[in-house]
Amino acid sequence: METRRATSFDGTDIAYHVTPPPFPGAKTVVLVNGLGWPYLAWRAQIEYLSDQYRFITWDYRGMYGSKRPSPDVPGAYAVANHVRDLEAILAAEGVRHGALMAWSMGVQVALEAFRRLPGLAANLVLLNGTCRRPLETIGPLPGLGRLFPPLVELAAHAHTAAPRITRRVVGKPDAVLWMKRMGLLGKALDPGVLADLAPPSGQLDMEPLFRNLRALSTHDVEAVLEQIDVPTLLITGDRDTFAPRALAQSMARRIAMAEILVVRGGTHSTAVEFPELVSLRIERFFADHGF
């Protein structure tokens, strides 16, 4: 993918990535990332579908190649501002219509984009995400999600006090083990793929990550579900503890033209754990709906 840059509404410099169109008039798929993962998490889907579609994705403000917003901007990391970043990118690329394919935090951003940018989405592909406050939907035990917002605040304060320690913890191999225990990663994930995706120590700026997570924790877009009037595919794993299967099923029941795929053994990273299955299902979904 070629990396380009756009200036957002508040002057924030945003890095985005594009593939060349495979043929004139090829339709565009906008990839909306999970928080903390690089855009390469979509590698399998890009490789499989890039002979049919043009792909665009971007680094969230403050993450990877994108600069931090000015501290003077109110709610600088709000989900609505990520949508405005996307709007600037699409304007720079001359894109007015396409598919929105989102993972984890990206589901919140995509649903907010559907609300704020009418006519943009030809369809939606929503993987391992929620429409409600994400930290409150964590399972499997009822009420467990209420414990996570204060834990996020505790981690953010700890990072402020000792940022080097936070980076060391994130970069250690044990962190992968804990991610598997928490349901973020599964045993099916190829270790070589994980090594390619894991952010090198020091490359991921932890302060914007925590600020994004705080903003995300208060975002609720549940009211949009009944307004969705485009074909929608939800993909989830039956071992996803961060966006449980029951949540995806309840979202599917409230979206008029929804389909759902539940991947047995899939965790919160279903698309990278089962890339062939997920890519094939997305390809069929696009074909079935004339995209």
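Keep in mind the model is a prediction, meaning the values are calculated, not measured.

S.K.: Explanation requested: the environment of E273 in the structure shown.
M.R.: Within the secondary structure, E273 is located in helix α10 (residues 270–273). On the basis of relative accessible area, E273 is assigned to the buried category, the value being 6%. In this structure the side chain of E273 is engaged in a polar contact, spanning 2.4 Å, whose partner is the side chain of T267.

S.K.: I keep staring at the pairing of strand β4 (residues 54–58) and nothing clicks. Help me out?
M.R.: Along any regular strand, the residues point their side chains to alternate faces of the sheet. For β4, the tally of buried residues reaches five of five residues, placing the bulk of the element in the interior. Side chains of β4 alternate between two faces, with R54, I56 and W58 and F55 and T57 buried alike. Taken together, the three bridges between strand β2 (residues 13–18) and β4 define a ladder with antiparallel strand orientation. Counterpart to H17 in the pairing with β4 is T57. Pairing of strand β3 (residues 28–32) with β4, which is carried by four bridges, proceeds in the parallel orientation. Across the sheet, T28 pairs through a bridge with R54, a residue of β4.

S.K.: When you look at unusual backbone geometry in this model, what are you seeing that I'm missing?
M.R.: Note on backbone geometry: most residues besides glycine have negative phi, and most peptide bonds are trans. Positioned with a positive phi, Y64 is a non-glycine residue whose angle comes to about 50°. Mapping Y64 onto the fold places it in the loop between β4 and α2 (79–93). One non-glycine residue, S104, adopts positive backbone phi at about 55°. When you line up the elements, S104 lands in the loop between β5 (98–103) and α3 (105–116). Exposure remark for S104: the relative accessible area of 18% places this residue in the buried category.

S.K.: What should I look at first to understand the sheet that holds strand β8 (residues 258–263) in this one?
M.R.: The strands making up a sheet associate through backbone hydrogen bonding, with each pair oriented either parallel or antiparallel. In spatial order, the strands read β1-β2-β4-β3-β5-β6-β7-β8; together these eight strands make up an open sheet with mixed pairing. The open sheet has two free edges, formed respectively by β1 (2–7) and β8, since each of these has just one partner strand. With direction set aside, neighbouring strand axes in the sheet form an average angle of 20°. Across six bridges, the pairing between β1 and β2 is antiparallel. Residue pairing for β2: E2 is matched across the bridge by V18. Contacting β3, β4, β5 and β6 (121–127), α3 runs over the sheet at an angle of about 145° to β5. Taken strand by strand, helix α11 (residues 275–288) contacts β3, β5, β6, β7 (232–237) and β8, and its axis lies near 155° from that of β6.

S.K.: I keep staring at the nonpolar core and nothing clicks. Help me out?
M.R.: Soluble, globular proteins show a tendency: their nonpolar side chains are buried together. Counting 50 residues, the largest nonpolar core has W58, L111, L124 and I228 as its most contacted members. Residue contributions to this core peak at seven residues, all from α3.

Calculation notes
- Residues numbered from 1 in each chain as written.
- Predicted model: local features only at pLDDT ≥ 70, side-chain atom pairs only at ≥ 80, totals over all residues.
- Heavy atoms only, no water.
- Helix = DSSP H or I, 4+ residues; strand = E, 2+ residues; numbered from the N terminus.
- Buried < 20%, exposed > 50% of the residue type's maximum accessible area, 1.4 Å probe, protein only.
- Polar contact = N/O pair within 3.5 Å; in protein donor to acceptor, adjacent residues only side chain to side chain.
- Pairing = 2+ DSSP bridges.
- Axes fitted to C-alpha atoms, helices over the stretch in contact; angles between N-to-C directions.
- Contact = heavy atoms within 4.5 Å.
- Core = buried A, V, L, I, M, F, W, Y, C linked by side-chain atoms within 4.5 Å.

Honestly, it's all geometry; don't read function into it.
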